[in-house]
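In case you want the letters, here they are:
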Amino acid sequence: MSTREMADSSWRELFGHAEPYDEQVDGIETSVETGREGGYTVIEGACGTGKTMIALTAGIALVRDPATDYERVLVLTSVKQQLRQFEADLRTINADLPDGEPPVSGLTLVGKADVCPYSREGAGGIDDRNVYDRCERLRERTRDLVGEGGPTTAGSLAADARSRQLGLADSGGRGAGTSLETAGEPTPYPPELPAYPDGDVEYCPFYARYLEELPDGDDDPTEAVPFDLAETGLVTPEELVALSARAGSCPHSVMGTALPHAEVVIGNYYHAFDPTTTATFTGALLEESTFVVCDEAHMLEPRVRDLVSESVADSTLRDAATELSRVLDPVRFDRGRTETGSKAADADLVRAELGESDVSIEDLERTLALLEGLREEVDRRVRAHLERSRPDWRSDLAALEDAELPLREPTEPAVDELSEWAREAGYGDAVWLRAESVGAVVARILDEAEDEERTRATPAVGRLLGEWHRRGHTDHFREIELERTWDDREPGDSWRRAYTARLALHNCVPSDAIGSRLSAFGGGILMSATLAPIEAFAEVTGLEYLEREEGRPVVERRYGLCFPAENRESFAVAAPKFTYGKRGPPGSESRTRRAHADAIVAVARLPGNVLVGMPSYAEAEWAAEAIRERLGSKPVLLDASSGDDVTESLKTEFFEGEGKVLVTSLRGTLTEGVDYSGDRLSAAVVCGVPIVNTASPKTNAVRRAYEEAFGDGFTYALSVPAVRKARQAVGRVIRGPEDVGVRVLLDERYARESWDSVRSLLPDREEFQPVSPDMLELGLERFRDRRLSVGSTE
């Protein structure tokens, strides 16, 4: 039996629907065959291809095949709606399994704030702002109480908290009859945190109960999971909280124990690529027994770039300097309090901790001096920038805008100016490289000396300083970022009142970080509706390196729209280029703006809902105003940069009632990962090529780094991601075989070949008919007439 025949015989009973599409058959069998060989399948599949079912079916088939070493499928997606789709498809698979086949176990990963009973209910002084600091300290206290030499046991702590709740009920005292409830379930404990003994040391009873259930030695750790993972099927975060809290155990700890043992783990890119998350929580998944699925993989490169870049705020430098002083002061004065009476560690404690490490007093002093010098240099550079750009800045702090202060020419790789300043000031390699060790020791000393629940600044600052010195100057870019904020505590004439300044170290080319992480997995699938050109995608994600250097197969599949072509019309309109130089600022009456407004109005007049995607929120505001009066009674909704709740409310308003126009930014969340199936959307128009701000120093540094790595920096770093954004937006229209609609790309760069044309980057460019602006309305009318004639004959 061939490998392909073996694959075919193993997956069909797992497929969640009666009959797969031809594309799904090919996608599943290709992915299984490639996965057996330790490789990756790269799938570009149009909306409606059924990519989630392809990935789950292939991955589960490999996990349940005793001939492979795969133990789990790890699904990573950057879009919350897609996460829900994977959950729904896993339920579909479980609902249709053959008799006697156990359900596929699954677990969805979320953050601590989403599962901590206290944080969820705002109880015990814990909420989503302080849950991480409070949780770590409560866990540490609980372990201290029950560990070797501790005064009690985990079981006693949990029982004591439960007895306090029962005691309240029996006595009829304050809080009688109430217990902490979450996820619709009562817990065994009162809403307030218990303390041992008699109010001295707060602890977490949920964590104590978890420790009580955790077996010793090499016994199965899943004994601490208060439900049968193998029989429960998919466990969502809400179900995890309900099952764990009802048993009195910590949901987050239960999640961490269960995740290596679930057959399908659903999470986001943080769970595989964020260094902190993988070091503290998901590290057990990063091995060859994991089959990884990267959904919305067109976002893999920018999301990982953000995750592996680092920054610290000016205020964090200040806090780190304060922490160092609090450790140094008692040693300097040889006593436990400074002259000012500020908090400080005991001198003997400091000497003892330093004696057990390779960090010296001199290391602490040199690091403190460097931090103080860095703050002064940042202050000097920010003031100099403001004096150059806005000499009157002190008189109107509220008018300041976000800014980037590059520390080298973005297009000319060189040692950054801050490193040069440090060298000239006498700070050699050692002080930068020792900073990370110094940060860890300072945090340990302060945690030991102070009963204070907080995240220390010195470890984060130490890590940044070490990376700042180690990383290269072509593939990394250093700058000072100025983010518009407001802090009334700062003096009225200080830039810190209006700005948060950050030292930022950007990883311009994350292909090594992505490729090295993908190398750790046994194989997988990377998929999206918009990956083309796949050759470029394979290079910027490190897949090309895996194939060339490690001999791991990388197999490409592309599935176009398989729905009736007569149900859609697609135009590439040769309107003037919607670049800033041609359109001018919002409000100007340029020829380019008039042409684009006319075309948007023509599309917006179509019956039903119309989505308009603009390069930015400022341009979205212009477009909404430009078309509102011309559309008469058809409502025009404007999406602004806002929180999830506001966006969800706007989306609901768009879907309800008669047809409307929704104008948004292509940088927002309404043009990707949103389900507009059925009659929710009849047309989408993208105005311009949404290339990121080319005036940004960071953008130019990324472009230069891509030129060094891949040859064509403009195409790889700017044009390809922009076209993917545009394709994502117009891809919202046709989602199923019954959907009918119009897709419009509005800019001559989509329609004509030229030096800056992006038409060659459209894999389905033969569908996007090039038309002049004055022919667009005629094309729309013909499509309406054709659809009407089809409807009259049905």
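Here's what I pulled together on the structure shown here. Every chain begins its residue count from 1, and numbering advances along the sequence as written. For this predicted model, a pLDDT threshold of at least 70 governs which residues receive local features, and a threshold of 80 or more governs which side-chain atom pairs are given and counted, while totals over whole chains, interfaces and linings are taken from all residues. As a convention, hydrogens and water are excluded, and side-chain values are obtained from all of the structure's heavy atoms.

Right, let's get into the packing of aromatic side chains. Note on aromatic pairs: the rings of Phe, Tyr and Trp (six-membered ring only in Trp) are paired at centre separations within 6.5 Å, and the planes decide the class, stacked below 30 degrees, edge-to-face beyond 60, tilted for the rest. Inspection of the entire model under this criterion finds 13 aromatic pairs. On the basis of an interplanar angle of 80° and a centroid distance of 5.9 Å, the ring pair of Trp 11 and Phe 15 is categorised as edge-to-face. For Trp 11, a relative accessible area of 0% puts it in the buried group. Ring geometry for Tyr 118 and Phe 206: centres 5.5 Å apart, planes at 80°, overall edge-to-face. Of this pair, Tyr 118 sits in helix α6 (residues 117-121) while Phe 206 sits in helix α9 (residues 205-213), and the two are 88 residues apart along the sequence. For every residue, the accessible area obtained with a 1.4 Å probe (protein chains only) is divided by the maximum for its type, and the residue is called buried under 20%, exposed over 50%, and partly exposed between those limits. Residue Tyr 118 is classed as buried on the basis of its relative accessible area, which comes to 1%. Criterion for a charge above a ring: Arg CZ or Lys NZ at most 6 Å from the ring centre, at most 35 degrees from the ring normal. Over the face of the ring belonging to Trp 468 we find Arg 478, whose NZ or CZ atom lies 5.7 Å from the ring centre. Runs of H or I in DSSP of at least four residues are treated as helices and runs of E of at least two as strands, each being numbered from the N terminus.

The next thing to look at is the pattern of salt bridges. By definition, a salt bridge exists where a carboxyl oxygen of Asp or Glu is found within 4 Å of a side-chain nitrogen of Lys or Arg. A full pass over the atoms with the stated rule returns 57 salt bridges. Of the charged contacts in the structure, one is a salt bridge between Arg 64 and Glu 101, with a shortest N-O distance of 2.9 Å. With a gap of 37 residues between them, Arg 64 in the loop between α3 (51-63) and β2 (72-76) and Glu 101 in the loop between α4 (80-95) and β3 (106-108) connect regions that are remote in the sequence. Relative accessible area serves as the criterion here: at 22%, Arg 64 is assigned to the partly exposed category. Judged by relative accessible area, Glu 101 falls into the partly exposed class, the value being 29%. With a shortest N-O distance of 3.3 Å, Arg 134 and Glu 202 are connected by a salt bridge. Remark: Glu 202 occurs in strand β7 (residues 201-202) and Arg 134 occurs in helix α7 (residues 131-146); sequence separation between them is 68 residues. For Arg 134, a relative accessible area of 12% gives the class buried. Linked through salt bridges whose partners overlap, the residues forming this network are Asp 314, Arg 375, Asp 379, Arg 383 and Arg 496.

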